[in-house]
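Structural overview for review
For reference, the chains in residue letters:
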Amino acid sequence: MSTTGRELMPGEAVPVGEIPVVSAAAFRNVVMDRIGRGDWLAALFGHPVNGSVRVTAILACPRFGELRAVAFDPGASYPALTPECLEAHWFERELHEQWGVTPVGHPWLKPVRFTTPGAIPGVTDYFAVAGEEVHEVAVGPVHAGIIEPGHFRFQCHGEDVLHLEISLGYQHRGVERALVGGPNARTIHYLETLSGDASAGHATAGAEVLESLAGVRPSDRSLALRAVGLELERMANHTGDLGALAGDVAFLPTASYCGRLRGEFLNMTAMICGSRLGRGLVRPGGVGFDVTAELVRDLLGRLDPAMREFTDSVRLLFESPSVVARFEHLGTLTRHEAVKMGLVGPAARASGVARDVRSDFPSGAYRWIPVLLALKESGDVMARARVRWQEVHQAASFVRQVLSRLPEGEPWRPVRGLQPGRLAVSLVEGWRGAICHVALTGDEGRIAAYKVVDPSFHNWFGLARAMRRQQISDFPVCNKSFNLSYCGHDL
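Residues numbered from 1 in each chain as written. Predicted model: local features only at pLDDT ≥ 70, side-chain atom pairs only at ≥ 80, totals over all residues. Heavy atoms only, no water.

Some thoughts on the overall build of the protein
Looking only at helices and strands, one finds 17 helices and 16 strands in the protein. Since a compact globule built from 491 residues should have a radius of gyration of about 23 Å, the 22 Å found for the protein is in line with a globular shape. A total of 491 residues make up the protein; the buried ones form 57% of that total. Of the contacts made within the protein by residues no fewer than 6 positions apart, 67% connect residues no fewer than 24 positions apart. Charge separation in the protein, taken as the distance between the mean sites of 50 positive and 53 negative side-chain charges, equals 3 Å. (Helix = DSSP H or I, 4+ residues; strand = E, 2+ residues; numbered from the N terminus. Rg over C-alpha atoms; globule rule 2.2 N^0.38 Å. Buried < 20%, exposed > 50% of the residue type's maximum accessible area, 1.4 Å probe, protein only. Contact = heavy atoms within 4.5 Å. Lys, Arg positive; Asp, Glu negative; His and termini not counted. Charge placed at Lys NZ, Arg CZ, Asp CG, Glu CD.)

Here's what the structure looks like:
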């Protein structure tokens, strides 16, 4: 058996016994070697094996469009990866919290979700900065608005932010544990509500894992409709974010227009499946709704005028000197920092990191219609805004092409039993970035372990890093330029 990991493709189910279990030192060597070659850490998680815990890493290799899985048994402790591999930072904190395994040498083993018995979300030791005129500003977890709870603690010198510490866990629902023992009637509902504004993304990732384990390939027609759902979700959320960014700098024309146009894209999703958030669209084996030729004409008829208004309203934003002055050079992350932290999605691409599952690991309709990367180099709020602007236009073009030549085929094929003793991984480019789902089945063909990595899990630390050396009053703009998920992180 190879000690460098088991190669597999997204959507491929492999025997669990073929995943090499190596020593802690060999595990470190594999991870560090692959990261050094340009791979990134898609997942690092613990799961029970014979009354103990096993740690498995899933490494994504964009050069060859393949994944690599490797595992080790850590016992009570092991030398931490984080000092040499920063993108393992959050994963190792999670391992420590969930399984009691200590990554020795990790710089800050603070709880990620406060899931240990007796833990209270937010009650922990926080990083502190001492010095003359240094002060602390605590924000949340309850915010002035209808948003999810999260706690932000700023260490400041005057208005300058020295350090931002982000504490989450207030939305923990135990979804990964609830998926164990499935699939059952509730499984798809857990998947599409992992993060409410990414229903199509997470439902697609979960469906792909189950289909792989069942040996079922959905029809090309259903794969095309899933991609339409994903791109409409991307358009709606990017449009909403651009409007919110405009609102944060009091540029009301774009803020008001994008608020309405987000609704237009959401309504297009509702025209397909009856839900503005895409609930019910994706089902293991295909999709829950088909489209008629008349519905396709109606969708395309709505898309073009909505895109004209989007283009005009957001162009106003980027042409306003006051907006440019607020967005440029704010919350900057260099390419080196983005790679080192393992950022994904628009946050990575705005810093020049060419990382997009749709092009690196294409599946379904993305194999027929390539997606061009929206890349910027400056890594600031303006870059993250312009990546969104470009991706909305690309998504609209993609939707037009898919709907104009929908393949024939049945919308759904039955998914019955799962193969026992298998591991499967899916990667989907949600609107925030790479969504990774990993499932392992036991001897009875039921889910024995399930791991979800929302793109926010990779990117929260990026937001904290982007706020260093900024003014505390810049936080709303910088935060919205990332727009990460609380519940997608907390699970």
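Side note on the sheet that holds strand 9 (residues 134-139)
In space, the three strands of this open sheet follow the order 9-10-11, with antiparallel pairing throughout. Looking at the sheet topology across the chains shown, the edges are occupied by strand 9 and strand 11 (160-167). Ignoring strand direction, the axes of neighbouring strands in this sheet form an average angle of 20°. The sheet strands contacting helix 15 (residues 455-466) are strand 10 (151-157) and strand 11, and the helix crosses strand 11 at an angle near 160°. (Pairing = 2+ DSSP bridges. Axes fitted to C-alpha atoms, helices over the stretch in contact; angles between N-to-C directions.)

Details of the domain arrangement of the protein
Along its sequence, the protein is organised into domain 1 (6-104) and domain 2 (175-455). Taking the mean C-alpha position of each, domain 1 and domain 2 sit 26 Å from one another. In this assembly, 26 residues from domain 1 lie in contact with 25 residues from domain 2. Note on domain 1 versus domain 2: buried area summed over both sides is about 2,100 Å², and carbon and sulfur give 72% of it. The interface formed by domain 1 and domain 2 holds one salt bridge in total. A salt bridge links Glu94 to Lys451, with the shortest nitrogen-to-oxygen separation between them at 2.7 Å. At the boundary of domain 1 and domain 2, one finds six residue pairs in polar contact (both at pLDDT 80 or more). At the level of secondary structure, the elements contributing two or more residues to the side of domain 1 that touches domain 2 comprise strand 2 (13-15), strand 4 (40-49), strand 5 (52-61), strand 6 (66-72) and helix 2 (89-99). A class-by-class count of the residues in the side of domain 1 that touches domain 2 yields 18 nonpolar, four polar and four charged. (Domains from an automatic or database assignment. Buried area = accessible area lost by both parts, 1.4 Å probe. Salt bridge = Lys/Arg side-chain N within 4 Å of Asp/Glu carboxyl O. Polar contact = N/O pair within 3.5 Å; in protein donor to acceptor, adjacent residues only side chain to side chain. Nonpolar A, V, L, I, M, F, W, Y, C, P; charged D, E, K, R; others polar.)

A closer look at the packing of helix 2 against helix 15
Where helix 2 meets helix 15, the closest approach of the two axes is 9 Å, and the angle between their N-to-C directions is 115°. With respect to each other, helix 2 and helix 15 are oriented roughly perpendicular. Between helix 2 and helix 15, the contacting residues are His89, Trp90, Phe91 and Glu94 on the first element and Phe457, His458, Trp460 and Phe461 on the second. Looking at the contact of helix 2 with helix 15, its residues break down into five nonpolar, two polar and one charged. (Parallel < 35°, antiparallel > 145°, perpendicular 65-115°, else oblique.)

Quick word on the pattern of salt bridges
Summed over all chains, the structure comprises 32 salt bridges. Between Arg388 and Asp241 there is a salt bridge; the shortest N-O distance is 3.1 Å. Residue Arg388 is found in helix 14 (residues 381-404), and its partner Asp241 is found in helix 6 (residues 220-248); the two are separated by 147 residues along the sequence. Both residues of the pair, Arg388 and Asp241, count as buried. The salt bridge partner of Arg260 is Glu309, with a shortest N-O separation of 2.3 Å. You can see Arg260 sitting in helix 7 (residues 252-273) and its partner Glu309 sitting in helix 8 (residues 293-319), a full 49 residues away along the chain. Assessed through its relative accessible area of 37%, Arg260 is described here as partly exposed.

Focus on the environment of Pro15
With respect to the helices and strands, Pro15 occurs in strand 2. Remark: the alpha-carbon pair of Pro15 and Glu136, spanning 121 residues in sequence, is separated by 51 Å. Ignoring sequence-local partners within four residues, the contact set of Pro15 consists of Gly421 and Arg422.

Re the nonpolar core
The biggest cluster of nonpolar side chains holds 77 residues, and the ones touching the most others in it are Met235 and Phe327. Look past the residues within four positions of Phe327 in its chain and what remains in contact with it is Leu245, Val249, Leu317, Asp380, Val381, Met382, Ala385 and Val477. (Core = buried A, V, L, I, M, F, W, Y, C linked by side-chain atoms within 4.5 Å.)

Quick notes on the environment of Thr124
If you trace the backbone, Thr124 turns up in the loop between strand 8 (102-104) and strand 9. As a C-alpha pair, Thr124 and Ser167 span 43 residues in sequence and 9.2 Å in three-dimensional space. Every residue in contact with Thr124, bar those within four places of it in the chain, is listed here: Lys110, Pro111 and Phe114.

Overview of the pairing of strand 15 (residues 433-441)
Here strand 15 lies mainly inside the structure; nine of its nine residues are buried. Here strand 14 (residues 422-430) runs beside strand 15; their pairing, made up of eight bridges, is antiparallel. Looking at the pairing, Gly430 lines up with Gly433 of strand 15. Once strand 14 ends, the chain turns through two residues before running back antiparallel as strand 15.

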